[in-house]
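Residues per chain, in single letters:
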Amino acid sequence: METFLECLDAVKGATFGTGITAIKLTALGRPQLLLQVSEVIMQARRYMMDLAGSTGNILTHHKTIQDLERYLGNVADKKEVKEFLTKVTSDKDGILHLFPWTGIINEDCQLSETFRVPDPVTGQMRRLISKIPPKEEEMFRNMIRRLNTIVKTAQDLDVRIMIDAEQTYFQPAISRITLEMMRKYNTEKAIVFNTYQCYLKDTYKEVCTDLEQAKRQNFYFGAKLVRGAYIEQERARAAALGYEDPTNPSFEATTEMYHKTLTECLRRIRILKDANVDPKKIAIMVASHNEDTVRFAIKKMEEIGIHPEDKVICFGQLLGMCDYITFPLGQAGYSAYKYIPYGPVNEVLPYLSRRAQENKGVLQKIKKEKRLLLSEITKRLAKGQLFYKPKGKYVPI
């Protein structure tokens, strides 16, 4: 059994100062396995599309076990099909999952045997994933074991874990595993957070679906909202393989997606407050260096009636970037964190370059920050208060 430090040593991630750590799931195991699980999820969605006659996540169709039995017709009486139906996860509002996803994070999951669905014509169980060699099955179990070790240690130390978003061809598996980790560990507070990239066209829909799952399965939901880091890769891959570009067409469209998604989260938090339910059932990190987005978040919090002391919204920026945003947020009582990447230099630098790509106005921000610092130093020298500590009520940004 690997220790926490051995697991963490394999991760190239980041820390948000005290209390929050971010990790990349692809650093814990073989990325190809995540690709295969993502394909399974997409095939399962197509299977449900045939049943429901519409696209989208299985949970959104509100189809019941009885609907599935009718879809399968006469083959529903077959022994293997009956066994499959007993494992389908559902509640009073319909089917949540076709597969027992809880098993996938219990370290003993056999991928090849888990992802099977009945053929509606023959009733034979067919695999949605090709037969995986035992060695690769073991690799997947090791990845889940490492993730469980990290999250369990985080829970014991009261530290939040944010699972980074990655390319769209990995993301269905990453989100699915992360949500199951939420269901397992977020029983009393939000320990595990999923990351949502708002440059993707489906982000709002995905967040709404995941919020609905958290509500129906009664666990605390954690989300880190970012603009995104792989836009050039996504567009190039879509063009090369001939599928629809999954990204928003412009920076403005991405900003609109970010604000729309954040507003929905704030709206649901307000509903919880009004119902005298713990508002911390939904916890959001606004991870943005964009001044307009931070202003928007603060304004919406005020409009909707969510206060800094509610501790349901926090803000995060990279260490050394946009301190003129982070520090006033903290002084005004908002939870604000500085993001510190760690790992081998040759692996951290590409990460930082993606952040620079994500924040193309970074040079202008640095120039503005230098002007603000120079202005503040000049003001303090003129007043003879070089080590002056501000006091009073501040409006950030």
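As a convention, each chain's residues are numbered from 1 in the sequence order in which they are written. Whole-chain, interface and lining totals are the exception, using all residues; otherwise, since this is a predicted model, local features are given only for residues with pLDDT of at least 70 and side-chain atom pairs are given and counted only at 80 or more. In computing side-chain properties, one takes all heavy atoms of the structure into account and sets aside hydrogens as well as water.

Going by what an unreviewed UniProt entry lists, the protein is known as Proline dehydrogenase and is assigned to Anopheles stephensi. UniProt positions are given in the numbering used here, feature names are shortened, and annotations may be inferred rather than shown by experiment. Per UniProt, the protein has the following entry under Function (unreviewed entry): "Converts proline to delta-1-pyrroline-5-carboxylate." Looking at the Pathway (unreviewed entry) heading of the UniProt record, one finds this comment for the protein: "Amino-acid degradation; L-proline degradation into L-glutamate; L-glutamate from L-proline: step 1/2."

Peer 1: I'm lost on the packing of aromatic side chains in this one. Help?
Peer 2: How two aromatic rings sit relative to each other is set out by the distance from centre to centre and by the angle between their planes. Any pair of Phe, Tyr and Trp rings, taking the six-membered ring for Trp, is counted once the centres come within 6.5 Å. Such a pair is stacked with planes under 30 degrees apart, edge-to-face with planes over 60 apart, and tilted for the rest. One pass over the structure, following the stated rule, counts 4 aromatic pairs. For the pair Tyr-169 and Phe-170, a centre-to-centre distance of 4.9 Å together with 55 degrees between the ring planes defines the contact as tilted. On the basis of relative accessibility, which here comes to 23%, the residue Tyr-169 falls in the partly exposed class. Each ring, one from Tyr-196 and one from Phe-221, has its centre 6.2 Å from the other, and the planes form 40 degrees; the classification is tilted. Residue burial is assigned from relative accessible area. The probe radius is 1.4 Å, only protein chains are included, and a residue is buried under 20% of its type maximum, exposed over 50%, and partly exposed in between.

Peer 1: Sorry if this is basic, but what is going on with the nonpolar core here?
Peer 2: Within soluble globular proteins, side chains that are nonpolar generally end up buried alongside one another. Within this scheme, the nonpolar core is defined by two criteria: the residues are buried Ala, Val, Leu, Ile, Met, Phe, Trp, Tyr or Cys, and they are joined through side-chain atoms within 4.5 Å. If you look at the biggest cluster of nonpolar residues, it comprises 103 residues, and the most contacted ones within it are Leu-68, Leu-98, Ile-284, Ile-313 and Phe-315. The secondary structure listing takes helices from DSSP runs of H or I that are at least 4 residues long and strands from runs of E that are at least 2 residues long, numbered from the N terminus. For this core, the element with the highest residue contribution is helix α2 (residues 31-52), accounting for 9 residues. The domain boundaries here were taken from an automatic or database domain assignment. Here this core spans two domains, and each of domain 1 (41-127) and domain 2 (187-383) adds at least three residues to it. Formed by 5 residues, the second largest nonpolar core is a distinct cluster that contains Tyr-199, Leu-200, Ala-229 and Tyr-230.

Peer 1: Explanation requested: the pattern of salt bridges in the structure shown.
Peer 2: Between side chains of opposite charge, a pair can form as their charged atoms come close. Salt bridges are defined as contacts in which a side-chain nitrogen from Lys or Arg sits within 4 Å of a carboxyl oxygen from Asp or Glu. Here the structure, examined in full by the defined rule, presents 25 salt bridges. A salt bridge links Asp-156 to Lys-152; the nearest nitrogen and oxygen atoms lie 2.8 Å apart. You can see Asp-156 and its partner Lys-152 sitting in helix α6 (residues 134-157), 4 residues apart, about one turn around the helix. Among the ionic pairs, Glu-180 bridges to Arg-176, the shortest N-O distance being 3.2 Å. Highlighted residues: Glu-180 and Arg-176, both in helix α7 (residues 171-185), separated by 4 residues, approximately one helical turn.

Peer 1: Please explain a nonpolar patch on the surface as it appears in this structure.
Peer 2: Together, Leu-373, Ile-377, Leu-381, Leu-386 and Phe-387 give the surface a local cluster of nonpolar side chains, amounting to about 580 Å² of exposed area. Looking at the secondary structure, you find Ile-377 in helix α14 (residues 362-383). Each patch groups residues whose relative accessible area exceeds 30% and which form no salt bridge, using 9 Å between like charges and 5 Å between nonpolar side chains of Val, Leu, Ile, Met, Phe, Trp and Tyr. All accessible-area figures derive from a Shrake-Rupley calculation using a 1.4 Å probe, and residue coverage is judged against the displayed protein chains alone.

Peer 1: Explain the state of the cysteines to me, please; I cannot follow it from the model alone.
Peer 2: One way to say it: the disulfide is the covalent bond shared by the sulfur atoms of two cysteines. For this text, the term disulfide refers to a pair of cysteine sulfurs within 2.5 Å. Under the criterion given, the structure shown has 0 disulfides. Summary of cysteine pairing: Cys-208 is not part of a disulfide, and the nearest cysteine sulfur, belonging to Cys-265, is at 7.6 Å. Overall, Cys-208 belongs to the buried group, its relative accessible area being 15%.

Peer 1: Where do I start with the environment of Asn-186 in this structure?
Peer 2: In this structure, Asn-186 sits in the loop between α7 and β8 (192-197). Between the C-alpha atoms of Asn-186 and Gln-155, which are 31 residues apart in sequence, the distance is 9.0 Å. In what follows, a contact means two residues having at least one pair of non-hydrogen atoms within 4.5 Å. Here Asn-186 is in contact with Met-181, Ile-191, Val-192, Phe-219, Tyr-220 and Gly-222, once residues within four sequence places are set aside. Polar contacts involving the side chain of Asn-186 include one to the main-chain amide nitrogen of Val-192, which spans 2.9 Å. We define a polar contact as two N or O atoms separated by no more than 3.5 Å, with the added condition that, inside protein, one atom must be a possible hydrogen donor and the other a possible acceptor, whereas residues neighbouring each other in sequence contribute only through side-chain atom pairs.

Peer 1: Honestly, the pairing of strand β7 (residues 160-163) in this entry has me stumped. Any pointers?
Peer 2: Regular strands place side chains that alternate from one sheet face to the opposite one. Following DSSP output, two strands are said to pair if at least two bridges run between them. Pairing of strand β2 (residues 20-23) with β7, which is carried by 4 bridges, proceeds in the parallel orientation. When the bridges of β7 are listed, Ala-22 appears paired with Met-162. Bridging between β7 and β8 involves 3 bridges; their strand directions are parallel. Paired with Ile-163 across the two strands is Asn-194, which belongs to β8. Seen with its strands pointing away from the viewer, a crossover is right-handed if its path from the first strand over the helix to the second goes clockwise. With α7 bridging β7 and its parallel neighbour β8, the resulting β-α-β unit is right-handed.

Peer 1: Explanation requested: α7 in the structure shown.
Peer 2: Since there are 3.6 residues in each turn of an α-helix, residues three or four apart along the chain are aligned in direction. Relative to the 21 Å expected for 15 residues at 1.5 Å per residue, α7 spans 20 Å between its end C-alpha atoms, a close match to the ideal helical length. Summarising burial for α7: 13 of the 15 residues are buried, a large majority. Given a helix with a known number of residues, its expected span is that number minus one, times 1.5 Å.

Peer 1: Looking at this structure, I do not really get the packing of helix α11 (residues 291-304) against helix α12 (residues 323-331). What am I missing?
Peer 2: Think of two packed helices as two axes; the pair is described by the angle between the axes and how far apart they sit. It is at 11 Å that the axes of α11 and α12 come closest, and there the two elements cross at 20 degrees. Judged by the angle between their axes, α11 and α12 are roughly parallel. Seen from above, α11 lies across α12 with right-handed handedness. Counted together, Glu-291, Val-294 and Ile-298 of α11 and Tyr-324, Ile-325 and Leu-329 of α12 form the full contact between these two elements. As a rule, the C-alpha atoms of each element are fitted with a line to give its axis, helices using only the stretch in contact, and angles between N-to-C directions run from 0 to 180 degrees. By definition in this entry, angles of less than 35 degrees are roughly parallel, angles greater than 145 are roughly antiparallel, angles of 65 to 115 are roughly perpendicular, and the rest are oblique. With the far helix as reference, a near helix turned anticlockwise by less than a right angle produces a left-handed crossing, and one turned clockwise produces a right-handed crossing.

Peer 1: Sorry if this is basic, but what is going on with helix α8 (residues 203-217) here?
Peer 2: Compared with an ideal rise of 1.5 Å per residue, which puts 15 residues at 21 Å, α8 spans 21 Å between its outermost C-alpha atoms and is within 8% of the ideal. Two residues or fewer past α8, Asn-218 is found with a positive phi of approximately 60 degrees.

Peer 1: Where do I start with unusual backbone geometry in this structure?
Peer 2: Glycine aside, a negative phi is what most residues show, and trans is what most peptide bonds show. Backbone geometry places Asn-218, a non-glycine residue, at a positive phi of 60 degrees. One can find Asn-218 in the loop between α8 and β9 (221-226).

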